[in-house]
Amino acid sequence: MGSHKEQEQAKCAWVHGPIIIGAGPSGLAVAACLSQLGVPCVILEKSDCIASLWKHRTYDRLKLHLPRKFCELPLMGFPPNFPKYPTKYQFVSYLESYASHFSIQPRFNQTVTKAEFDQSCGFWTVRTQDFEYISRWLVVATGENAEPVIPKISGLESFHGPVVHTSLFKSGSDYKNQRVLVIGCGNSGMEASLDLSRHNAFPFMVARNTIHVLPREMFGFSTFGIAMALLKWFPLRLVDKCLLTLTSFILGNTDRYGLRRPKTGPMELKNATGKTPVLDVGAMSHIKSGKIKVMQGVKEITRNSVKFVDGQEREFDAIILATGYRSNVPTWLKGSDFFTEDGMPRTPFPEGWKGENGLYTVGFTRRGLLGTASDATRIAQDIAPRWRTVKDSNNYSNSQIVLLWKSS
Ligand SMILES: Cc1cc2nc3c(=O)[nH]c(=O)nc-3n(C[C@H](O)[C@H](O)[C@H](O)COP(=O)(O)OP(=O)(O)OC[C@H]3O[C@@H](n4cnc5c(N)ncnc54)[C@H](O)[C@@H]3O)c2cc1C
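Residues numbered from 1 in each chain as written. Predicted model: local features only at pLDDT ≥ 70, side-chain atom pairs only at ≥ 80, totals over all residues.

1. Topic: helix 4 (residues 88–101)
- Between its first and last C-alpha, helix 4 extends 20 Å over 14 residues, near the 20 Å set by a 1.5 Å rise per residue.
- Taken residue by residue, helix 4 has Phe 91, Tyr 94, Leu 95, Tyr 98 and Ala 99 as its buried positions. Down the axis, helix 4 shows its buried residues gathered within 135° of arc, on one side only. Exposed residues on helix 4 whose side chains face more than 90 degrees from its buried face are Ser 100 and His 101.
- Remark: Ser 103 follows helix 4 within two positions and exhibits a positive phi of approximately 50°. (Helix = DSSP H or I, 4+ residues; strand = E, 2+ residues; numbered from the N terminus. Expected span 1.5 Å × (residues − 1). Buried ≥ 20, exposed ≤ 12 C-beta atoms within 10 Å, placed from the backbone. Arc of directions from axis to C-beta.)

This is how it looks when you write it as structure tokens:
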């Protein structure tokens, strides 16, 4: 690419290989697979670093929920000295080494505001706040967790204390001796409540909807690993039955503690709706001992207190919203009906990785990093022969980007 001054003046750039939007694990995985096949690419990332979700928007105590072997990116495994469940810091250091090993250098502080396929010339134009990029191929890697979901709850804005989404929650140590309401009982809600309890805060966790809680491990083996192994041989419903029988043996009847189970089994529900079961890392024992109190839905929030649907009213010092995330694709991808209005591909896994006109998606499988690895490999294998054909007929230079137009 041109000098810094040239880049500043230029407004438009032709990208020889694909444009990847997002430098999280998914974007990095595609870039690595492409580089292995000799295909250059450009990654546009809105933040100032790789893996910004893991670096800036996760709590301190976070460890990978699944064992390491299910979370490795293609072509380079975790260092052998990593534990079975790496910490978020270890995962980030792995991603840094991964990017450096494959010489991946994203263009940071580039927020994609619009991407559109131009039918007349057959190229994608991708606009950021200060630049326009053009390419034959577009890889969407902005993640299922791009934006925090903030629910509409009557009176929330009038609450006197801090109201924080889990993407900004770091540690329970910030809430010592405080009464904290955690709204949401997924993995983040359970772990935030556990962390609060361990730091001598008084967490109350709202479980409005039904939820499957499974132990992270069963008899020394990861529950996820057991499920994957059983699914190779047995039908889904039988596997669910088996998991739930073992779970009730290990955790007891979670309904007794206010965590009602859905009628559909955990793996069947995951497949049908993408809803992930909670993998318990210790919160259940704090719930059983009463250190974490489970509450039913919130009816209304006032300045100092919260009214619940069962008629109770309690005072709180802080509220943590463990209310999940959503994809942001519909806000910037225009003229394509490949994604639903929720920002997820219409075609479910394993076929949701490829759209029309050179559009690809990675990391939208609701299968975490395992889905990312599968998507990334397929995308690179699909693009590589097309790239070679185009390269041979256009006599490309080694540069990834060619500046097309200067303002002066
Ligand atoms: C608390 C938590 C724990 C998790 N634990 C696990 C686990 O143990 N195992 C597992 O498999 N999965 C886990 N996940 C799921 C996890 O999000 C993914 O597996 C992984 O981070 C997905 O990577 P990604 O690259 O697809 O998305 P992300 O990591 O979200 O990366 C997307 C990138 O795109 C960038 N971006 C977004 N919009 C734009 C834009 N308009 N322009 C430019 N750039 C943009 C973002 O800044 C971000 O850097 C966890 C998620 C959370 C929230």
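Now, onward.
2. Observations regarding the nonpolar core
- Ranked by internal contacts, the top residues of the largest apolar core, which has 101 residues, are Ile 19, Leu 28, Val 30, Val 139 and Val 182.
- Split by domain, this core shows at least three residues from each of two domains, domain 1 (4–146 + 327–407) and domain 2 (149–323).
- Not counting the four nearest positions on each side in its chain, Leu 28 is found in contact with Ala 23, Ile 50, Leu 73, Leu 95, Tyr 98, Ala 99 and Ile 104. (Core = buried A, V, L, I, M, F, W, Y, C linked by C-beta atoms within 7 Å. Domains from an automatic or database assignment. Contact = placed C-beta atoms within 7 Å.)

3. Thoughts on the domain arrangement of the protein chain
- Per the domain assignment, the segments making up the protein chain are domain 1 (4–146 + 327–407) and domain 2 (149–323).
- The centre of domain 1, based on its C-alpha atoms, is set 32 Å off from the matching centre of domain 2.
- In this complex, domain 1 contributes nine residues to the contact, which on the side of domain 2 involves 14 residues.
- The class makeup of the residues in the side of domain 1 that touches domain 2 is four nonpolar, one polar and four charged. (Nonpolar A, V, L, I, M, F, W, Y, C, P; charged D, E, K, R; others polar.)

4. Section: the pairing of strand 20 (residues 318–321)
- Alternating positions in strand 20 separate into two faces, Ala 318 and Ile 320 on one and Ile 319 and Leu 321 on the other, with burial throughout.
- Where strand 9 (residues 163–165) lies against strand 20, three bridges are found, and the strand directions are parallel. Bridged to Val 163 within strand 20 is Ile 319.
- In terms of strand pairing, strand 10 (residues 179–183) meets strand 20 through four bridges, oriented parallel. What sits directly across from Ile 183, in strand 20, is Leu 321. (Pairing = 2+ DSSP bridges.)

5. Some remarks on the site of the ligand
- Taken together, 33 residues sit near the ligand, with Gly 22, Gly 24, Gly 143, Gly 363 and Gly 368 positioned nearest.
- Residues belonging to the shell around the ligand are distributed by class as follows: 14 nonpolar, 17 polar and two charged. (Near = placed C-beta within 6 Å.)

6. Some words on the pairing of strand 18 (residues 305–308)
- Where strand 17 (residues 298–301) and strand 18 come together, three bridges link them in antiparallel fashion. Within the sheet, the bridge partner assigned to Glu 300 lies in strand 18 and is Lys 307.
- Hairpin connection between strand 17 and strand 18: a loop of three residues separates the two successive antiparallel strands.
- Here strand 18 runs beside strand 19 (residues 313–315); their pairing, made up of three bridges, is antiparallel. Among the inter-strand pairings, Ser 305 is bridged to a residue of strand 19, identified as Glu 315.

7. Focus on the sheet that holds strand 16 (residues 293–295)
- The parallel open sheet is built from five strands, whose spatial order is 9-20-10-11-16. Two strands close off the open sheet at either side, each with one partner strand: strand 9 and strand 16. For this sheet, the mean angle separating the axes of adjacent strands, direction not counted, is 25°.
- When strand 10 meets strand 11 (residues 202–206), the two strands line up parallel, connected through five bridges. (Axes fitted to C-alpha atoms, helices over the stretch in contact; angles between N-to-C directions.)

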